[in-house]
Amino acid sequence: MRGKERKVIDDARDQPLDKRVRFSVRLLESASTYKDIVVRKKDGFTQILLSTRSTYNNTLNREVMNEVKSALEKAAVDDSKFVLLSAVGSVFCCGLDFDNIVKHLKYNRKRATVKLVDTIKNFVNSFIEFKKPIVVSVNGPAIGLGASILPLCDVVWANEKTWFQTTYTRFGQSPDGCSTITFPKIMSRAAANEMLINGWKMNAQEACDKGLVSQVFWSETFTQEVMVRIQEITSCNSFVLENSKALVHYNMNVELKQANGRECEVLKKIWASAQGMEYMLKYVQNKIDSF
């Protein structure tokens with residue numbers, strides 16, 4: 001490998017020749033494409049790991065979001081039964097990379113705002129439109145967009161020591177990831193307001209009790225517990241998995257896309273304003289790395 005190219009791990013050595021050829025093609029494509037994520041083609045599923053080199057703590061800039069979107073698009077049309085989304089390190093995802101956003105907005109704010117917001121919109125839509133199940137393994141803190149995308153996925157497992165927070169109002173940003181519609185639906189309007197407006201730092205068990213997380217596992221056995229359940233899902237029929245998801249999500253996608261569109265329009269107005277820029281600059285300047 002040269003430069004920042006990422007290795008994509010092939011677990012298909014025991015597959016018949018024609019399948020191995022198809023695996024090899026996908027591996028070569030991924031290895032030359034992804035720099036901020038790792039894609040592992042497993043037997044029956046695709047694992048996408050956030051492992052960002054261009055950002056800290058797995059934060060999301062345009063490049064990272066586009067890579068995740070691309071990986072989902074590939075998994076949508078290959079023989080994967082589902083996607084496992086996880087992360088490398090002690091942090092799952094710290095949401096949008098505001099250092100990067102501020103840097104771009106300093107120059108030609110209007111043009112940069114449109115590009116950034118369109119990237120977020122397309123990133124979130126890629127989760128909404130994905131027809132196969134998305135399983136998430138939350139190994140560490142999930143903040144901002146890293147937390148708000150979780151209800152767009154199908155199964156969410158969390159390490160007992162992790163936590164979830166959406167501190168949007170503290171740095172002058174509005175909610176994203178369809179959280180204005182998913183959070184009230186899954187955890188009540190009052191709890192959603194505590195998260196989205198007051199920035200409630202929710203621990204793993206609270207997140208499970210509120211419906212943001214499916215199950216919580218002990219830290220010492222987290223990876224083993226996840227992989228046992230992954231193997232159980234892998235043994236299921238792909239037609240059944242996809243159609244079960246379709247039934248659960250029936251008539252939801254239009255509503256989610258509309259919410260995503262509304263949220264992105266508000267973000268566009270905030271980022272294009274002098275006041276919105278001022279809030280973000282203060283946040284970036286006063287930010288203390290707590291990890």
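Residues numbered from 1 in each chain as written. Predicted model: local features only at pLDDT ≥ 70, side-chain atom pairs only at ≥ 80, totals over all residues. Heavy atoms only, no water.

*Asks:* Residues and numbers for the packing of helix H4 (residues 109-129) against helix H11 (residues 253-272), please.
*Replies:* Two elements in contact, H4 and H11, have axes separated by 9 Å at closest approach and are oriented at 160°. The pairing of H4 with H11 is recorded here as roughly antiparallel in orientation. As for the relative orientation of H4 and H11, their crossing is right-handed in sense. Residue-level contacts link Arg109, Thr113, Leu116, Val117, Ile120, Lys121, Val124, Asn125, Ile128 and Glu129 of H4 to Asn253, Leu256, Lys257, Asn260, Gly261, Cys264, Leu267, Lys268, Trp271 and Ala272 of H11. Partitioning the contact of H4 with H11 into residue classes produces ten nonpolar, five polar and five charged. (Axes fitted to C-alpha atoms, helices over the stretch in contact; angles between N-to-C directions. Helix = DSSP H or I, 4+ residues; strand = E, 2+ residues; numbered from the N terminus. Parallel < 35°, antiparallel > 145°, perpendicular 65-115°, else oblique. Left-handed = near helix turned anticlockwise from the far one by under 90°. Contact = heavy atoms within 4.5 Å. Nonpolar A, V, L, I, M, F, W, Y, C, P; charged D, E, K, R; others polar.)

*Asks:* So what's going on with the environment of Val88? Residues and values would help.
*Replies:* Note on placement: Val88 falls in the loop between strand S3 (82-87) and helix H3 (98-105). Of the residues examined, Val88 reaches a relative accessible area of 43% and is grouped as partly exposed. Once the C-alpha coordinates of Val88 and Val38 are considered, the two residues, 50 residues apart in sequence, prove to be 8.8 Å apart. Setting aside residues up to four positions removed in sequence, Val88 forms contacts with Leu49, Leu50, Ser51 and Asn58. (Buried < 20%, exposed > 50% of the residue type's maximum accessible area, 1.4 Å probe, protein only.)

*Asks:* Talk me through the nonpolar core; I want residue IDs and the actual numbers.
*Replies:* The nonpolar side chains of soluble globular proteins are, as a tendency, buried together. Formed by 67 residues in total, the largest nonpolar core has its most connected members in Phe127 and Trp271. Counting residues per element, this core draws most heavily on H4, which supplies eight residues. In contact with Trp271, not counting residues within four places along its chain, are Leu96, Phe98, Ile101, Leu105, Arg109, Thr113, Leu116, Val117, Ile120, Gln173 and Met280. Formed by eleven residues, the second largest nonpolar core is a distinct cluster that contains Phe82, Leu84, Val135 and Ile233. (Core = buried A, V, L, I, M, F, W, Y, C linked by side-chain atoms within 4.5 Å.)

*Asks:* So what's going on with the sheet that holds strand S5 (residues 142-143)? Which residues, and what values?
*Replies:* One open sheet accounts for three strands, arranged S5-S7-S8; its pairing is mixed. Either end of the sheet is taken by a strand with one partner, and the two such strands are S5 and strand S8 (202-203). Pairing geometry for strand S7 (residues 163-165) and S8, over two bridges, is antiparallel. Following the sheet pairing, Phe164 is matched in S8 by Met202. (Pairing = 2+ DSSP bridges.)

*Asks:* Account for unusual backbone geometry, naming residues and giving values.
*Replies:* Positive phi outside glycine occurs at Asn57, with the angle close to 55°. Mapping Asn57 onto the fold places it in the loop between strand S2 (45-50) and helix H2 (62-77). We classify Asn57 as partly exposed; its relative accessible area is 26%. The backbone phi angle of Asn58 is positive, close to 55°, even though this residue is not glycine.

*Asks:* Go over the side chain of Asn125, please, and point to the residues and values.
*Replies:* Structurally, Asn125 is set in helix H4. Note on Asn125: relative accessible area 12%, which makes it buried. Here Asn260 takes part through its side chain, which lies 3.1 Å from a polar atom of the side chain of Asn125. The residues contacting Asn125, other than those within four sequence positions of it, are Lys257 and Asn260. (Polar contact = N/O pair within 3.5 Å; in protein donor to acceptor, adjacent residues only side chain to side chain.)

Don't take any of this as a statement about function, it's just geometry.
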